[in-house]
Structures are given as structure tokens and as C-alpha cells.
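# Observations on chain architecture
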Amino acid sequence: MCGIFAYIGHEKAALECIKGLKKLEYRGYDSAGMAGFHEGALRFVKAAGKLHRLEEKLAESAHNFSSAISHTRWATHGKPTENNAHPHFDEQQHVAVVHNGIIENHVALRHEMVQQGINFSSETDTEVIAQLMGLSPTGHIVEKVSYVLGRLRGSMAVALLHKDYPDTLIAFSRECPLIVALDPITGQAMIASDSNALPSMDLDITYLGQDEIALIKKGEVLFFDKAGKPLHKKQERLGHDMHLVSKQGFDHFMLKEIFEQPDTIRAAFMGRLNEESATVEFEGLNLTPADFLNVKRVLILGCGTSYHAGCIAARLLEEYARVPAQPAIASEFRYQNPIISPDTLVIAISQSGETADTVAAVREAKAKGATILAICNIKGSLLTREADSTIYLKAGPEISVCSTKAFTSQLTVLALFGLYMARLRHVGRDEGKRFIQELYQLPQLVMSVLEKAPLLQELAVKYSRYNHFFYLGRQAMFYTALEGALKLKELSYIEASGYPAGEMKHGPIALLDEDLPVIAFACNRQTQDKLLSNLQECKARGAPLIVFAFEGDTDSTSLATDIFHIPSTSDALAAIPVSVASQLFAYYTALARGTDIDQPRNLAKSVTVE
Ligand code: M6R
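All values derive from a computational prediction rather than experimental measurement. (Residues numbered from 1 in each chain as written. Predicted model: local features only at pLDDT ≥ 70, side-chain atom pairs only at ≥ 80, totals over all residues. Heavy atoms only, no water.)

## Considerations on the sheet that holds strand β7 (residues 154-162)
An order of β5-β6-β7-β8-β12-β13-β14 is seen for the 7 strands of this open sheet, with the pairing classed as antiparallel. Single-partner strands in this sheet number two, and they are β5 (88-89) and β14 (230-231). (Pairing = 2+ DSSP bridges. Helix = DSSP H or I, 4+ residues; strand = E, 2+ residues; numbered from the N terminus.)

## Section: helix α13 (residues 405-424)
End to end, α13 covers 29 Å across 20 residues, agreeing with the expected 28 Å (1.5 Å per residue, within 8%). The buried fraction of α13 is high, at 18 of 20 residues. (Expected span 1.5 Å × (residues − 1). Buried < 20%, exposed > 50% of the residue type's maximum accessible area, 1.4 Å probe, protein only.)

## Notes on the site of the ligand
Near the ligand you find 14 residues, and of these Ser 306, Ser 350, Ser 352, Thr 355 and Glu 490 are the closest. Between the ligand and Ser 352, the relevant distance is 2.6 Å, taken from an oxygen atom to a side-chain nitrogen or oxygen of the residue. Here Val 401 contributes a backbone N or O atom positioned 3.2 Å from a nitrogen atom of the ligand. Relative to its free-state accessible area of 410 Å², the ligand is covered by the protein chains to the extent of 90%. Secondary-structure elements contributing two or more residues to the shell around the ligand are α9 (304-321) and α16 (476-492). (Near = heavy atom within 4 Å. Polar contact = N/O pair within 3.5 Å; in protein donor to acceptor, adjacent residues only side chain to side chain. Areas by Shrake-Rupley, 256 points an atom, 1.4 Å probe, with all protein chains shown as cover.)

## Re the side chain of His 71
Relative to the assigned elements, His 71 resides in strand β4 (residues 67-73). Within the local environment of His 71, its side chain forms a polar contact with the side chain of His 86, the two groups lying 3.4 Å apart. Within the structure, His 71 has its side chain in polar contact with the backbone oxygen of His 99 (distance 2.8 Å). What His 71 contacts, discounting residues up to four positions off in sequence, is Cys 2, Gly 3, Ile 4, Leu 21, Ser 31, Ala 32, Gly 33, His 86, Val 98 and His 99. (Contact = heavy atoms within 4.5 Å.)

## Overview of the domain arrangement of the protein
For the protein, the assigned domains read domain 1 (3-238), domain 2 (247-447) and domain 3 (452-599). Here the C-alpha centre of domain 3 lies 45 Å away from the C-alpha centre of domain 1. (Domains from an automatic or database assignment.)

## Concerning the pairing of strand β19 (residues 325-329)
Alignment of strand β18 (residues 297-302) against β19, held across 5 bridges, turns out to be parallel. From the neighbouring strand, Leu 301 faces β19, where its bridge partner is Ala 328. Assessed by its sense of winding, the connection that carries the chain from β18 through α9 to β19 is right-handed. (Right-handed = clockwise from strand over helix to strand, strands pointing away.)

## So, helix α15 (residues 453-463)
All of the buried residues along α15 are Ala 453, Leu 456, Leu 459, Ala 460 and Tyr 463. What you see down the axis of α15 is that its buried residues fit within an arc of 120 degrees, all on one side. Facing away from the buried surface of α15 by more than 90 degrees, the exposed residues are Pro 454 and Glu 458. On the buried face of α15, the contacting elements are α6 (253-259), α14 (429-451), β23 (468-473), β26 (545-550), β27 (562-566) and α19 (575-593). (Arc of directions from axis to C-beta.)

## Here's the deal with the sheet that holds β27
With respect to topology, 5 strands assemble into an open sheet ordered β24-β23-β25-β26-β27, the strand pairing being parallel. Of all the strands in the sheet, the pair left with one neighbour each is β24 (495-500) and β27. Strand-to-strand twist of the sheet, defined as the mean angle between neighbouring strand axes without regard to direction, takes the value 20 degrees. Pairing between strand β25 (residues 518-522) and β26: 5 bridges, direction parallel. The residue of β26 that forms the bridge with Val 518 is Leu 545. Of the strands in this sheet, β23, β25, β26 and β27 are in contact with α19, which crosses β27 at around 135 degrees. (Axes fitted to C-alpha atoms, helices over the stretch in contact; angles between N-to-C directions.)

## A short note on the side chain of Asn 274
Considering the arrangement of structural elements, one finds Asn 274 in strand β16 (residues 273-274). In terms of polar contacts, Asn 274 uses its side chain to reach the backbone amide nitrogen of Glu 276, at 3.1 Å. With sequence-adjacent residues up to four places away left out, Asn 274 is seen in contact with Thr 279, Glu 281 and Ile 436.

Written as C-alpha cells, this is what we have:
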């Protein structure tokens, strides 16, 4: 959460920072701010609200920064006001700081400094970093930063400017991502929270590690450990074509990402399926088939949408590979003193690879001896560095805060993993081949759902006046219902609950009447009859019934108030086309209600706080 971008190179540092922040706004958009050197003096501009407010104020200020740090905020400590917007300063205004993360001991530090007579001007935890920098003993800037790092507890990615070092950007990090990039030709240098924010040019990039410090000048980057000892760090080349992000003519990133799914699903399985041996070959896996054969239990960790993918995968692994598999919400798992044996495989799912709860849960599992397999979209992210091995989604950047293509890529990769585990165990070649054929069909199935987007828009408009929804399903469709309800909630601010259809009669059915539409996902053949009975019960209470059912399902059609047909596939893979349809339903509902689709209120793309 929160995006950092800093630039040094030419006189248009403010413009470069705005370009960078625009690509980071998905990480938080409560306020934005920038500080830089204008004619040798440290100046700043801040604005509450979205980035365009900062742009407007910058245009008025006529600052011409030669180097600058900037920030887009997701509020943790203190309201989203201009005063709490970053950068924050020490009392003398010698140091400007932007920060992503949480300083856990900020109350004690603030108290200590107030006792010394220091005046604070914001409610944020970040300000203690700036004030500490101001108080740090005299010496070289690296010594000052070492001192501050030693005093701070918690997580932090920090970029700062110091009045005595106008030609230097200073950065340090702990548990939060921060990338340092250098253009080897022009010498322009940048700091960014993620590589998508960097300009499209060939850059040498370096990820700052735990408690590492960087001093960045035009044409030169120096790294130090927390004791101030110089470090030699490996650089990676980021090609100019590797980080293009645009809406490509769509009204929203979300819609573009929904429509990308035939391609992203294909990318998730392409080159990984071995038809001859009816199995899967994941590139760059550090774990051997013997390691996977030794696995006696699988735990699947994730948050939000990634957790829902984990729930669906756990069912698939148990059913096809016959390995006990349990999903767990990472934020709960990390505090429950989990029982883990050496033959437990932990699969951690995260689009961003930055989710603090997921990373912390992985660390807990690792400490207890588990092997960690990450399923992730972002190369080099924190999670992939913690894991023993990673399978990448290859879905490309997902910019919309609401996750869509990452979810279906997660489901696809997890289905591949299920096939791999099943083939290692008891599943024969013929069954494996059949599963591969079904996987190959997925892009086409998704395409046929997308072609019917206008029908989903009609449905969404028809129901957009309702303020509550129930999403029902059984087996994998129950988890798909949880995901469908999450999409509707976060996009349109409509209260929506996902529920196992069979549980309705144990209480929630009391809520039903003609003002509470039920969306039922009827794409699980194994439980179809039971689901239909549950839907009859809902209908008898007057609830409007919107059913997503396989083509040719006449029973559902005759029961439903409105029906949407999903092309036929197996129960194991049905969550994918059904989810695409429910993503579109949520998108069009939000469109009808006029909410902020790519950046829903109160949310951020990467949740890097607990
Ligand atoms: O990056 P991650 O997959 O770890 O993110 C997990 C959740 O924060 C994320 O899926 C969130 O629930 C989305 N906003 C859902 O659309």
C-alpha cells in the first residue's frame, strides 16, 4: 500500500515523478505529495484526494525540481488530509521523507521526541522517521540512516531527501518492496515501489533487501548494509518493452483485464503441458518430483481473491491428487500456531507477492519447517524471495484494484498443479490427457462468455437498484460465489454475501424476500439436484433468482427469474468461465451505479500492512 517514486537526472523531476505516481496510484489514492530541490532549497507540494489534485497544485507552484521524491497514500495512521499527506519533514525542514509500511513503535518514539521538545505536525507514523533523521548524530548520511534504521520497528520502504545532499536520493527498506533503477546511458536514476512504475527504457534495476540502504546520484548508485558497510548487489536488466501499461482503448483497466483473460489463461498453461506424458512441466522449479511425492499434506495460504483461488484448488487437489489439502486465510493462519510437519507443502498465492499477511504467514510456516511454493504474478516480489520455488502466473500487470485476470490465472496454474500432483500419484495417462484437452478449451469458453457481455450488462442494469445480494453455490461453486460477492462488494459498495446453498435453510433464509436477489452458480453437476431444491426454497420466499447455469440446463432455466448460460465444462474447471461472467456482472453493476471502478474507495492494490 502507498506508492513511492523518486527521480534524479534532469530538471523535469516533478514531471517524471507524476508519470511514475500515475502507475502507482492503484496502491493508494487518499492523498499525494512531492518534495524536491528548487534552486538549492527543499520545497514540497501536497494534496488530499487523487493524484490530479497534486498535479493541479504543482502546476500552480512553478517549482522546477532537479531531484524529487513523491508518494501516493493509502491512509493507515491519520485521516486522508493534506496535512497527513507525505512527504513529512523534521522540525528544521532539513529532511523530507516518503514512506510505505507501518512503524510499529511510532507512539513510543513520538513520545520520546516530544519529551525532548520536538513539535510534530501530522498524525502519521511516518513523521517519526523524518524527525529521527533530523535528530540523528552528525556524520555521513549513511551513518544517519543506520542510526534511524536501528531505532525503527515495523515495515518500511523509505525515500528521502536531505538538504546537505541535494544531488542524492536516499532510500532504505525493510519488508516492503523498493526498486532502484539506473539508465546506464543517460544516468537518470529512479526509486519505485514496483517496476511497472518505471519508464519504458532499458534500465538496470536492483531490489533493496532487508535493512539495506541506497544512495542514488545521477549515473551512480551505492548500496550499504544497515551497519553502513558497502554492499555489492546484483543488477537485473529491465527491457524497455517489459513494462508497458495502458487501457488500450477500454474505459477501465478492469474491463481491459477481464477481456484479456482468454490470452492470460492461455499464457498460464502454454509451454507447460506435456501431452505425450499427460503431465505438466513447470519451468524453473527448484523442487523435484521426489519432493512433491513426499508431500503428505498441502496448506494453501492467501488473502481476498487469492484465498478464494486457494479454496477451489484445495478441493481439486483432494479430489484428483488425493492429497489432504486445506485453504487458510493468511491473516488468521499466522497467529494460530499452526501444526506443520516436514512433509507439509505450503502453497502461498498472491498476485502482487507483497501482501503482508501472506508473507508473514509464509515466514511462520517456514519457521516450522514447511516447504513453500509461491504462485505469484510479480517477478522478484517479496513472496517469491521467501519461497523455495515459484510458479508464475504470466498474466501481465494487473492494474485494476479489483482482481480479475490474476484470479483465473491462479485457478489455471493451480489446476495444472493439481494435474501434476495427480499424475505423480494414481491418475493414469488417459485421464490426464482428457484433463489437458479440457484445459486447452478454456480460452475459447471464456471468449464465448465475453461475447455475451451485453447480456450481462442488461442484467446488471436491471438489478443495479438492489442494495443486498446473496450469492449461492455448492462445492467449487460456493467458493466461486464468495469471489462473486467480493467483486460486487468492492466495486459497487453493495452488500453481498457468498453462502453455501445448503446452509441457507439453517438461518440466512430468514432474510429473503422480493428485495433480496439471489445469484446462484449452478455449474456443479455433482450437487445440481440439491442446489435446485435450495433454489426452490429461495423462490418460494419471493427472492428474484438470477442463475448462471450450463447451456442446456432446462431445470435451472425454468426456475430462474433470469438465466445466464455458461458453456459446458467439467466441474473442476467451471469456476473459470463462471467467474468471468460474474466479474462482468459486478463491473456493469458498478458502471450503472457510477462508482470508481479501477480505484474503489478505501482500497489499495497491494495490501502491505497487517
Ligand atoms: O496481491 P494479492 O493476491 O496477495 O492480494 C490479495 C487481496 O488483497 C486481493 O485479492 C483483494 O482481495 C482484491 N482487491 C480482490 O479483488
